[in-house]
Amino acid sequence: MNIILLGYPGSGKGTQAKVLSRKLGLFHVSTGDIFREELGRKTPLGEEVAGYISAGRLVPDKLVMEVLKSRLSTETRGLLFDGFPRTVEQAEALDAWFGSRGQAIDAVIFLDVPESDVASRLGARRTCTGCGKIYNTITNPPAKENVCDACGKPLMTRDDDKPEVIARRIQVYNDQTEPLLAYYRSSGIFHRADGSKAPDAVAEELVAMLSGKP
Ligand code: AMP
């Protein structure tokens, strides 16, 4: 089974992808995590993408596809895409690539949250520096301030979750990623989920939605 999670930055894609990949035995593919990892290791790819990420802009499609193909060439598990595709061009490239491998996307899930909630969600997001668990300081805080419940490591605020970058990312979503909804809506595999519910309730809805899939 191959699944795509779509939605605004801050709609809960990362949180849900972690739960779903564990429950369904899928390989979680977050292009944002891949880029941040390369950035952290200061690799040439990391240096190449740094400017785009810190400005809240998209990494060029060609580079995104090259990185994905090289990372996934030997992966045999079903894939759960989080933060990819982000443009119609990436969706078309994914279709072509999957087509050449005899694979298909089984479900596209749009995590629907109002645009007016996105900036506050991103501003309140904290990520564990150890295990990557995602918190919200208002709706889902850790038991001890700034310390991960799961692994005890400190939490951090992502550089691109700063107010000036958040506004740009919302605009980039509206301009470049939102058109993907129309691209997939007509495909027969498109589902909408209410992303404004509590994370556990959203996860329950998604598992129920996917349980009928092969
Ligand atoms: P995310 O963690 O998904 O919010 O991604 C963080 C940043 O990485 C984005 O704001 C983009 O700069 C870059 N990025 C992640 N995925 C993609 C993608 N599929 N296409 C282009 N840029 C991406």
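Quick note: structure is the one above.
Let us look at the structure shown here. (Residues numbered from 1 in each chain as written. Predicted model: local features only at pLDDT ≥ 70, side-chain atom pairs only at ≥ 80, totals over all residues. Heavy atoms only, no water.)

1. Section: the site of the ligand
Close to the ligand lie 16 residues, the nearest being T31, R36, R57, R86 and Q90. A distance of 2.6 Å is found between an oxygen atom of the ligand and a backbone nitrogen or oxygen belonging to R57. Within the complex, 96% of the 480 Å² of free accessible area of the ligand lies under protein. Per-class residue counts for the shell around the ligand are six nonpolar, four polar and six charged. (Near = heavy atom within 4 Å. Polar contact = N/O pair within 3.5 Å; in protein donor to acceptor, adjacent residues only side chain to side chain. Areas by Shrake-Rupley, 256 points an atom, 1.4 Å probe, with all protein chains shown as cover. Nonpolar A, V, L, I, M, F, W, Y, C, P; charged D, E, K, R; others polar.)

2. Describing the sheet that holds strand β4 (residues 107–112)
Strand order across the open sheet formed by five strands is β2-β3-β1-β4-β8, with parallel pairing between neighbours. Bordering the open sheet on either side are β2 (27–30) and β8 (190–194), each of which pairs with just one other strand. Taking the axes of each pair of neighbouring strands and ignoring which way they run, one obtains an average angle of 20° across the sheet. Direction of pairing for strand β1 (residues 3–6) relative to strand β3 (residues 79–82): parallel, over a ladder of three bridges. Following the sheet pairing, I3 is matched in β3 by L80. (Pairing = 2+ DSSP bridges. Helix = DSSP H or I, 4+ residues; strand = E, 2+ residues; numbered from the N terminus. Axes fitted to C-alpha atoms, helices over the stretch in contact; angles between N-to-C directions.)

3. Notes on the sheet that holds strand β7 (residues 155–156)
Two strands in a sheet stick together by hydrogen bonds in their backbones, pointing the same way (parallel) or opposite ways (antiparallel). Strands sit in the order β6-β5-β7 across an open sheet of three strands; the sheet is antiparallel. What marks the edges here is a single partner per strand, and that holds for β6 (134–136) and β7. Judged from the three bridges that link them, strand β5 (residues 125–128) and β6 form a sheet pairing that is antiparallel. Across the sheet, the residue bridging to R126 is Y135, located in β6.

4. Remarks on the nonpolar core
Residues I4, L6, F81, L94, I105, V108 and Y184 are the most contacted members of the largest nonpolar core, which totals 37 residues. The element best represented in this core is helix α4 (residues 61–72), accounting for six residues. In this structure, I4 is in contact with F81, F84, P85, L94, I105, A107, V108, I109 and Y184, ignoring residues within four places of it in sequence. Counting 13 residues, the second-largest nonpolar core is a separate cluster that includes L80, A107, L111 and L206. (Core = buried A, V, L, I, M, F, W, Y, C linked by side-chain atoms within 4.5 Å. Buried < 20%, exposed > 50% of the residue type's maximum accessible area, 1.4 Å probe, protein only. Contact = heavy atoms within 4.5 Å.)

5. Some remarks on the side chain of Q90
Within the fold, Q90 resides in helix α5 (residues 88–100). What makes Q90 buried here is its relative accessible area of 3%. For Q90, the residues in contact, after removing those within four places along its chain, are V59, D61, V64, M65, F84 and P85.

6. Points about the state of the cysteines
For the structure shown, the criterion picks out zero disulfides. A disulfide-free cysteine, C148 has its sulfur positioned 3.6 Å from the sulfur of C128, the nearest such atom. Cysteine C151 is unpaired, with the sulfur of C128 as its nearest cysteine sulfur at 3.4 Å. Note on C151: relative accessible area 34%, which makes it partly exposed. (Disulfide = S-S within 2.5 Å.)

7. Things to note about the packing of aromatic side chains
One pass over the full model with this rule turns up six aromatic pairs. Between F81 and F84, the aromatic rings sit 5.3 Å apart at their centres with planes inclined by 50°, giving tilted as the arrangement. Both residues of the pair, F81 and F84, count as buried. Taking the centre distance of 6.2 Å and the plane angle of 50° together, the rings of F81 and F98 count as tilted. With F81 in strand β3 and F98 in helix α5, this pair connects stretches of sequence that are 17 residues apart. This pair shows no difference in class: F81 is buried, exactly as F98 is. Put simply, the rings of F81, F84, W97 and F98 pair up and form one aromatic cluster. (Phe/Tyr/Trp six-rings, centres within 6.5 Å; stacked < 30°, edge-to-face > 60°.)

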